[in-house]
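Okay, here's what each chain looks like letter by letter:
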Amino acid sequence: MKKLRTFLCSSVLLIASSLIASEEVVINEDFNQTPLAEVFKVLKDKYQLRIAFANRDVKEINITVRIEQLNIRDAFKLILEETPMTFEVIDGRSVILRKKKNPSLDEQNFDLTGIISDENTGERLPYAYVWSETTKTSYTSNVEGFFSIPGVSTETRLRISYLGYQDTLVAVTDFHRERRINVQLVPLLNQLEEVVVLDDNSQLANFRPEEQPGKFTFSPKVSKIAPSAGEVDVFRTLQLLPGINATNEVSSGLTINGGTSNQNLVLFDGFTVYHVDHFFGYFSAFNPLAVKSLQLYKTGFEAKFGGRVSSVVDITGKDGNRNRVSGTLGLNLLSVNSSIEVPLSDDGTTLFFSGRRSYTDIWSSSLFENIFSIFENSLSDESGSTTSPPMMPPDGPPDGPPDSINPPPMEPSLSSSIEPEFYYTDMNIKLSSRLGTKNKLSFSFYDSNDILNYTETIDASFEDTLQVNTENLGFITWGNVGSSLKFSRLWNNNHFTQILASYSFYESMFREQSNTTSQSATLGETFTNTDQDQFNNIEDISFKIDHTVELNGIDRIEAGMGTSNFSTQLRHEVEDSILADQRSREELLLTGYLQGSFALANGLTLNPGLRTSYLTSTGNSYFEPRFSFSYHLSPEFVLNGAWGKYYQFINQSNTRNVLEGSRDFWILADNRAVPTQMATHHLLGVSYDRGPLNASINYFQKDFEGLLEYAFRNGKLITEFSDPGRVFTQGTGSSRGIELLVKRDFGAFDSWFSYTLGESRQQFDQINGGRSFYADHDQRHEMNWFGSYSIGNFEFSMVWIYGTGKPYSNVQSQQGVGRDRPGPTITQLNIEERNNERLPPYHRMDLSASYVTQLGNTQSRLSLSIFNLYNRENVLDRQVNLIQPGRGMRQPLITSNDLTLSGTSLNFSMEITF
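Residues numbered from 1 in each chain as written. Predicted model: local features only at pLDDT ≥ 70, side-chain atom pairs only at ≥ 80, totals over all residues. Heavy atoms only, no water.

A. Just the side chain of Asn 472, in detail. Tracing the backbone shows Asn 472 in strand β28 (residues 466–490). A polar atom in the side chain of Asn 472 sits 2.8 Å from the side chain of Ser 514. (Helix = DSSP H or I, 4+ residues; strand = E, 2+ residues; numbered from the N terminus. Polar contact = N/O pair within 3.5 Å; in protein donor to acceptor, adjacent residues only side chain to side chain.)

See below:
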């Protein structure tokens, strides 16, 4: 559909330009035995013509001709009158030349093959679009930029398009019968032999909805222009698409069509990334300098992807510049960033490196302090804190002085502060090599780390009778390591094989020591301390092979198989008592899939697929049938839909304490304590695509089974489970809604608007009395608007986000519950109805401005972003805290307060690319 829109728009442009420009250009020249190539150069430079030809066709042709007051068409007729060349004027100033028809060859069609790459760096461009303007048929290059089109002729014209690049028109000639065509796309208007580059009015090619239901191709370049609250972030920009939640500032994770971020499969160069954020979720952990392309599958994704029940984000990393040494240096108020690209040999071997490190442990900028203030537990009186009735001990009132026996409720005076020492790093290395014309070998490595040491102080004063001072000393670290070795082989025009070996490792560790000093008017001073440790890791070693068969350039069959070896460990210990201890070692997952794409008559395309898996830890086999279709109701309207079953074998349990978000942990399903997740997807929608206007509306539904909830999800020993002895509970969920997207390009101004109406509910036997409730991420309405404008060297952009309030629970009361064995006391919350209240609506506006200069091969960019322009005080959550006086004193109290988000923040950044 995208190619059809481009074709229609370009056709109108070409016709209009031809009618206007051909009358305006008048040629007067005199050539005497001038080489034809030089004639074309004169006409191109003097009359601003775009002329495409093959050097070999005009190499030995000289021209003697006088041209007087002729338009383009008549001038070329006269110039080529006695040559074996013919021409075609495709718009007012673009001319394609080819040899005159050879009857013996013209009667024979042939198969055309080609490679699409970046003109500046030589990098192959995956999933580029190839549109045949002759047959009105679309094709797509594979992950290595290769495409094949059967049955072309010398009359065939192809339009090549890729996000962030100018469309390129290619005329097929006899020369291409025996040679592969190399198409080099350029980001700016340029003149190339054999290629006519047509000016694209849109200054920003940002994303492209695909005909495959639920699929988007996204350009990472738009993230540089969009406003940022610190780091340039591809995932933050993705959140502006319909169906993806954007109202949680402290999560760069993707909540897509009601699925949570841990239900998404995130791939980088083929290996799985288990934890996708820095700074407790404020930024994603992917360096934008290392990202070449990104494909998003929101709902109903195809059978070649598995292991997750919501969505897929497939990221391809940069290979490196094949033509020259290049790189980037960047600086903002949080970190420094750099990359280098080095061609190592003439045969296409390249090296890419990028590295990023924050300097927040050395210098705390105002931006860092503003962001980190979100993560402080603001317990001051001004924060709107409330106190629940005091909790009763499990065996009745304690022995002791009168002020410790069931005292009347009273409002404490609370305050807190936190002193952090924090930094994050990430690194990408990629080595790629071409082994002949048909083979490619690449190695990709990725590493990211976050480290936080903090001292948190909480003071509670209960009138004049009791003062409690708590000091928490904490250490949190988490990080990913990932690598892949990939071999690709193009056997011929119809067969392509890819073999991948990958390694992924994620580890998180949390340690906290809590020291409490209590001063009572009757008991004097007492001291208590609590130690808490949590450790989690997952190791994933995988191998898979994929093979693609192109049947006729349009239809294809894909098949593959793979194996993964998992080891996971979780241990949560408080005061020498083990709350959770889950280990899985050397468990094996075997997978296989078969899928196809078949274009039938009357504009109908069917995509059936089947995936099967076997997991040793459960001893079960799993079958996942999937199906999608697209049907062209007209050249502009497309009806599409998808359905499928999906299984997830790695579960993640989430915490709600923002500061301790890194304590989310991964564990492998065993169908005992940890279930296998299953989801069924439904998607039906219609899209409109004509010229610069794109619009779509979709209905989505996801039904989940095997959801996992952890008892101590807020990071404290507080549970909502009806059985406080339980650590995990299983449940079900569902999400459904309607999403709308309207996208319009106005030349220098580019804009889109998205709206989502949704509902997400969950049900657990141990929570809310077994009744269903709104999920924590449920949001009824969300609207996002993005606009960008380019003028001269300046680029401006604006984002506005609005979402209705998310749910939270009112705590009615609580009680202390003893355990059957020695250990800490668990606080059990009594909640009348979970998530029955709503936070205030969320909204904010962000602005950014960039100034870009170019000097030779060096480009500089200075950017200023204003986050939350009108200083809206948005509320992230209603946070629950436990105040624990000394033993034998007043019973612990539960307090709750609104966790507010950042006010207006400024960020300045600079970047130099060479």
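B. Highlighting the packing of aromatic side chains. Tallied over the entire structure, the rule returns 26 aromatic pairs. Pairing Phe 40 with Phe 53 gives two aromatic rings, centres 5.2 Å apart and planes at 50°, and the pair type is tilted. Placement of the pair is Phe 40 in helix α2 (residues 36–47) and Phe 53 in the loop between β2 (50–52) and α3 (55–58), with a sequence separation of 13 residues. By relative accessible area, Phe 40 is classed as buried at 1%. On the accessibility criterion, Phe 53 (10% relative accessible area) is buried. Ring centres of Phe 422 and Tyr 424 lie 6.0 Å apart, and the angle between their planes is 45°; on these two criteria the pair is classed as tilted. (Phe/Tyr/Trp six-rings, centres within 6.5 Å; stacked < 30°, edge-to-face > 60°. Buried < 20%, exposed > 50% of the residue type's maximum accessible area, 1.4 Å probe, protein only.)

C. Local environment of helix α4 (residues 72–79). Of the residues making up α4, those classed as buried are Ile 72, Ala 75, Phe 76 and Ile 79. Considered in projection along α4, the buried side chains sweep an arc of 95° and stay on one side of the axis. (Arc of directions from axis to C-beta.)

D. Up close: the environment of Gly 691. Of note, Gly 691 is situated in the loop between β38 (677–690) and β39 (693–710). A relative accessible area of 10% places Gly 691 in the buried class. Spatially, the C-alpha atoms of Gly 691 and Arg 744 are 9.0 Å apart, while their sequence positions differ by 53 residues.

E. Highlighting unusual backbone geometry. With phi around 50°, Asn 257 is a residue other than glycine that occupies positive phi space. As for its placement among the helices and strands, Asn 257 is situated in the loop between α7 (234–238) and β16 (264–268). Its relative accessible area of 2% is what places Asn 257 among the buried residues. In this structure, Asn 671 takes a positive phi of about 60° despite not being glycine. Structurally, Asn 671 is set in the loop between β37 (665–668) and β38. Note on Asn 671: relative accessible area 37%, which makes it partly exposed.

F. Region of the structure containing the pairing of strand β29 (residues 495–520). The pairing of β28 with β29 spans 25 bridges and is classified as antiparallel. When the bridges of β29 are listed, Gly 482 appears paired with Ser 504. The hairpin turn running from β28 into β29, its antiparallel successor, is four residues long. Taken together, the 26 bridges between β29 and strand β30 (residues 524–550) define a ladder with antiparallel strand orientation. (Pairing = 2+ DSSP bridges.)

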